[in-house]
Amino acid sequence: MPDTFTEDLVALLPNLRRFALSLCRRHDMADDLVQITAERAFAARDRFDPATRLDAWLFRILRNAWIDQTRRTKTQGTIVDIDDAPDAATVDGTKIAEDALMLGAAGAAMADLPEDQRAVMLLICVEELSYKDAAEALDIPVGTVMSRLARARLAVAEKLGIK
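S.K.: I would appreciate a short explanation of the overall build of the protein in the present structure.
M.R.: From N to C terminus, the protein includes eight helices and zero strands. Expressed along its principal axes, the backbone C-alpha trace of the protein runs to roughly 95 × 30 × 20 Å. When each of the 163 residues of the protein is scored for burial, the buried share is 25%. For the protein, the proportion of contacts with a sequence separation of at least 24, taken over those separated by at least 6, is 55%.

See below:
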């Protein structure tokens, strides 16, 4: 026995699409609205009153779906198409978390260094000064800068389990 509800629904799909296009003015969104409408109508077909018009019932479902989407769009924030941000597709959350943990551990290891080694390491590794500029800033010979930096790097590597 044919399902007249489904047949009638399918027959009204072009009308629903026209109405959806008039609401949202975008073909992709209109297709989504029609699909949502068909899904909701099919799921609630037992609540449909055959004494009423099916098209009016479907238009109401579509309009409510449009209102739901509009409200959701207002609260969801900025949407960026993945094609417009190719780097976003390659974000590795695990790597970011591991990097943050390693950076925190390195900062803690540097904080435990003696003051003279920590100062040299900060000037060279963080502030990106040359050995000569760091030596001038600390008023020590370049050889001392190199020696303190080598000891500092070894101490940090040891604390991080790298060496």
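S.K.: Would you take a moment to explain the nonpolar core for this structure?
M.R.: The tendency in soluble globular proteins is for nonpolar side chains to be buried side by side. By size, the foremost hydrophobic cluster in this structure holds 19 residues, and its most contacted members are A20, C24, L33, A41, L54, L58 and L62. Of all the secondary-structure elements, those providing two or more residues to this core are α1 (4-11), α2 (13-24), α3 (27-43) and α4 (54-76). Other than its neighbours up to four places away in sequence, A41 contacts F5, L9, W57, L58 and I61.

S.K.: Sorry, what's going on with the confidence of the model for the protein here?
M.R.: Close reading of the predicted structure is inappropriate where its pLDDT is low. Predicted confidence across the protein gives a mean pLDDT of 89, with 95% of residues reaching 70 or more. The least confident element of the protein, judged by mean pLDDT, is helix α5 (residues 93-111) at 88; the most confident is α3 at 96.

S.K.: Even after reading the chapter, I still don't get unusual backbone geometry, so can you show me in this structure?
M.R.: Positive phi outside glycine occurs at E128, with the angle close to 60 degrees. Positionally, E128 belongs in the loop between α6 (115-126) and α7 (131-138). Judged by relative accessible area, E128 falls into the exposed class, the value being 68%. Positive phi, close to 55 degrees, is recorded for D139, a residue that is not glycine. Mapped onto the fold, D139 is located in the loop between α7 and α8 (142-160).

S.K.: Looking at this structure, how should I read the packing of aromatic side chains?
M.R.: Note on aromatic pairs: each is described by the distance of the centres and the angle between the planes. The tally for this structure, following the rule as stated, stands at four aromatic pairs. Members of the aromatic cluster, each reached through a chain of ring pairs, are F5, F48 and W57. Directly above the ring of F42 sits R45, whose terminal nitrogen or CZ lies 3.9 Å from the centroid.

S.K.: Quick question: what am I supposed to make of α5 here?
M.R.: Given 3.6 residues per helical turn, the α-helix brings residues three or four places apart onto the same face. Given a rise of 1.5 Å per residue, 19 residues ought to cover 27 Å, and the 27 Å separating the end C-alpha atoms of α5 matches this to within 8%. Buried residues along α5 sit in contact with α6 and α8.

Thresholds applied
Sequence positions are assigned chain by chain, starting from 1 and proceeding in written order. With the structure being a predicted model, the display of local features is reserved for residues of pLDDT at least 70 and the display and counting of side-chain atom pairs for 80 or more, all residues being used for whole-chain, interface and lining totals. Computation of side-chain values covers all heavy atoms of the structure but excludes hydrogens and water. The way it works is that DSSP assigns letters per residue, a run of H or I at least four long becomes a helix, a run of E at least two long becomes a strand, and they are numbered from the N terminus. Categorising residues by exposure relies on relative accessible area from a 1.4 Å probe, with only protein chains included: less than 20% of the type maximum marks a residue as buried, more than 50% marks it as exposed, and the intermediate range marks it as partly exposed. Any two residues whose heavy atoms approach within 4.5 Å at even a single point are treated as in contact. To qualify as a nonpolar core, a set must consist of buried Ala, Val, Leu, Ile, Met, Phe, Trp, Tyr and Cys residues joined through side-chain atoms within 4.5 Å. As a per-residue measure, pLDDT tells how confident the predictor is, with possible values from 0 to 100. Centres within 6.5 Å are what make two rings of Phe, Tyr or Trp a pair, Trp counting through its six-membered ring; a difference in plane orientation under 30 degrees is then read as stacked, over 60 as edge-to-face, and the rest as tilted. The rule for a charge over a ring is simple: NZ of Lys or CZ of Arg within 6 Å of the ring centre, and within 35 degrees of the ring normal. The span one expects for a helix is its residue count, reduced by one, times 1.5 Å.

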